[in-house]
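Spelled out from the first residue to the last, the chains are:
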Amino acid sequence: MKNLITLFLILFCSSNFLFAQETDSDTSKIKPLQVVTTYNGHEYIGYILSDDGREILIETADLGKIYIPKFEVKSIVTVGEEKEIIYGEFRAASPFTTRYAFTTNALPINKGENYGLINLYGPEVHLAVTDNFNVGIMSTWIASPMLLALKYTLKTKNEKLNFSLGTLMGTSGYLNSFRGYGGIHFANMTIGSRENNFTFGAGYAYLQDGFYDNYIDPGTYYSDQPWFSIYSYNTKLRPMSSGPIFSVACIAAMGAKASFFFDSMFGVFYSTKNVVTTTTITEPYYNPNPPYDYTPGYYMHVVEDKKQATWAMFLMPGMRFQTKENRAFQVALAGVAAFPSEGDAYSIPIPMCTWFFKF
């Protein structure tokens, strides 16, 4: 009996010792994983064992236990998920991950994670009203034109599959006496995480540029001139251009601080244009001999409003660099190409630089 009691006490003490050893060594079960960033730019990822107000003791996977003076500490961030650690570095989850170059994806901005950005052409501000709904304002440096941006995210049970509905509505502003306006109404589907995802979007775009142009009422006209300038033109606003638009975009992490992204927009835009077709009814006659008679011709001019299509695409590959949780910079080698149904095709390079700010 005495031997059994002795054996039981040994086993009990051993189990307590082993349990204490496991608890002390496996700090991940009792403390959150955190990132300590110093003012000189170093990041230490691990578990904070103690903080006496003067220094921090952190246990890291690669360097072991390290004491860091508090005056050197710039920030301490709790890592929400292990996937935020990429190649041994911390990748901060930010509202910037909902953007590409121009288009957005279906990922939501968490409430309070507002952000702004500065482009070469102007600023933007986007506010997260709720976890699923955000509102933004986009403009140029002269505050005209101006756009209102709205997006609502539809989450699914699969966190890597999201949908969103959005709209861009704008006015030409004071530049054109507020006569111009336009918009894009769209839906997005995003597959993937914030670090690596693919988005397909589809919508409808329209634009009234607000400029006046010469216009002839459709009909049939007759004259003794082979051209149509003898008739007076009416002045009216140009017809609206509109059509379907599609977008394909993706982003891929190239490390903890850099990402490659590709953004694009494709669409066909229809507009109406005055077209004059002239038919000769009677040829003009000129007698080179005396008495040098001249009889003008007789012409029929048919004026029609003809629908024209222009195919256009906007390609935007680029890189994004996020060295801080609340800052990022990206550059895109963008370009626009247009292919009208009548006339020559043309393309325009539009390099873009963007600075992101979280507030």
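Structure shown above.
Description of the structure in this document.

Basis of the calculations
Residues numbered from 1 in each chain as written. Predicted model: local features only at pLDDT ≥ 70, side-chain atom pairs only at ≥ 80, totals over all residues. Heavy atoms only, no water. Salt bridge = Lys/Arg side-chain N within 4 Å of Asp/Glu carboxyl O. Helix = DSSP H or I, 4+ residues; strand = E, 2+ residues; numbered from the N terminus. Buried < 20%, exposed > 50% of the residue type's maximum accessible area, 1.4 Å probe, protein only. Pairing = 2+ DSSP bridges. Axes fitted to C-alpha atoms, helices over the stretch in contact; angles between N-to-C directions. Contact = heavy atoms within 4.5 Å. Polar contact = N/O pair within 3.5 Å; in protein donor to acceptor, adjacent residues only side chain to side chain. Core = buried A, V, L, I, M, F, W, Y, C linked by side-chain atoms within 4.5 Å. Phe/Tyr/Trp six-rings, centres within 6.5 Å; stacked < 30°, edge-to-face > 60°.

### A look at the pattern of salt bridges
Side-chain pairs of opposite charge can arise whenever the charged atoms involved come near each other. Summed over the entire model, instances satisfying the criterion amount to five salt bridges. The partner of Glu124 in a salt bridge is Arg99, with the nearest N and O atoms 2.8 Å apart. With Glu124 in strand β9 (residues 123-128) and Arg99 in the loop between β7 (89-90) and β8 (115-119), this pair connects stretches of sequence that are 25 residues apart. For the pair shown, Glu124 and Arg99 are each scored as buried. Here Asp209 makes a salt bridge to Arg238, at a shortest N to O gap of 3.1 Å. Remark: Arg238 occurs in the loop between β17 (234-237) and β18 (241-253) and Asp209 occurs in the loop between β14 (197-208) and β15 (212-215); sequence separation between them is 29 residues.

### Some remarks on the sheet that holds strand β1 (residues 34-38)
The five strands are arranged β4-β3-β2-β1-β5 in an open sheet whose pairing can be described as antiparallel. Of all strands in the sheet, those bounded by a partner on one side alone are β4 (64-69) and β5 (73-78). Neighbour to neighbour, the strand axes of the sheet diverge by 45° on average, direction disregarded. The pairing of strand β2 (residues 43-51) with strand β3 (residues 55-60) spans five bridges and is antiparallel. Bridging from a neighbouring strand, Tyr47 pairs with Glu59 of β3.

### Section: the environment of Ile109
Structurally, the position occupied by Ile109 is in the loop between β7 and β8. Spatially, the C-alpha atoms of Ile109 and Thr153 are 8.8 Å apart, while their sequence positions differ by 44 residues. Not counting residues up to four positions away in its chain, the partners in contact with Ile109 are Pro95, Thr98, Tyr115, Ala128, Thr130, Asp131 and Asn134.

### Thoughts on the side chain of Asn176
Along the chain, Asn176 falls in the loop between β12 (161-171) and β13 (181-192). Taking relative accessible area as the criterion, Asn176 reaches 9% and is therefore assigned buried. For Asn176, the side chain forms a polar contact with the side chain of Arg179, separated by 2.7 Å. Within polar-contact distance, the side chain of Asn176 engages the backbone oxygen of Gly210 at 3.1 Å. If sequence neighbours within four positions are ignored, Asn176 has contacts with Asp209, Gly210 and Phe211.

### So, the nonpolar core
Where a protein is soluble and globular, its nonpolar side chains tend to be buried together. Membership of the largest hydrophobic core comes to 18 residues, with the highest contact counts inside it found for Ile184, Phe314, Met316 and Met352. Secondary-structure elements contributing two or more residues to this core are β13, β18, β19 (258-282), β22 (298-324) and β23 (327-340). The biggest single contributor to this core is β18, with three residues. Val36, Tyr44, Ile56 and Val73 belong to the second largest nonpolar core, which has eight residues in total.

### Here we look at the packing of aromatic side chains
Summed over the entire model, instances satisfying the criterion amount to five aromatic pairs. Ring centres of Tyr115 and Phe356 lie 6.5 Å apart, and the angle between their planes is 40°; this geometry places the pair in the tilted category. Here the residue Tyr115 occupies a position in strand β8, and Phe356 occupies one in strand β24 (residues 346-358), the gap between them amounting to 241 residues. Accessibility expressed as a relative area gives 2% for Tyr115, which makes it buried. Residue class for Phe356 comes out buried when judged on its relative accessible area of 1%.

### Remarks on the pairing of β23
Successive residues of a regular strand alternate their side chains across the two faces of the sheet. Here 11 bridges tie β22 to β23, and the two strands are oriented antiparallel to one another. Within β23, the position partnered with Gly318 by the bridge is Ala332. The turn joining β22 and β23, which pair antiparallel and follow one another in sequence, is formed by two residues. Pairing of β23 with β24, which is carried by 12 bridges, proceeds in the antiparallel orientation. Note on β24: the bridge partner recorded for Ala338 is Tyr346.

### Describing the environment of Ile142
Considering the arrangement of structural elements, one finds Ile142 in the loop between β10 (133-139) and β11 (146-155). Since its relative accessible area comes to 47%, Ile142 is described here as partly exposed. Sequence separation between Ile142 and Leu175 is 33 residues, and the spatial gap between their C-alpha atoms is 9.3 Å. Residues within four places of Ile142 in sequence aside, it is in contact with Tyr174 and Leu175.

Just distances and angles here, no functional claims.
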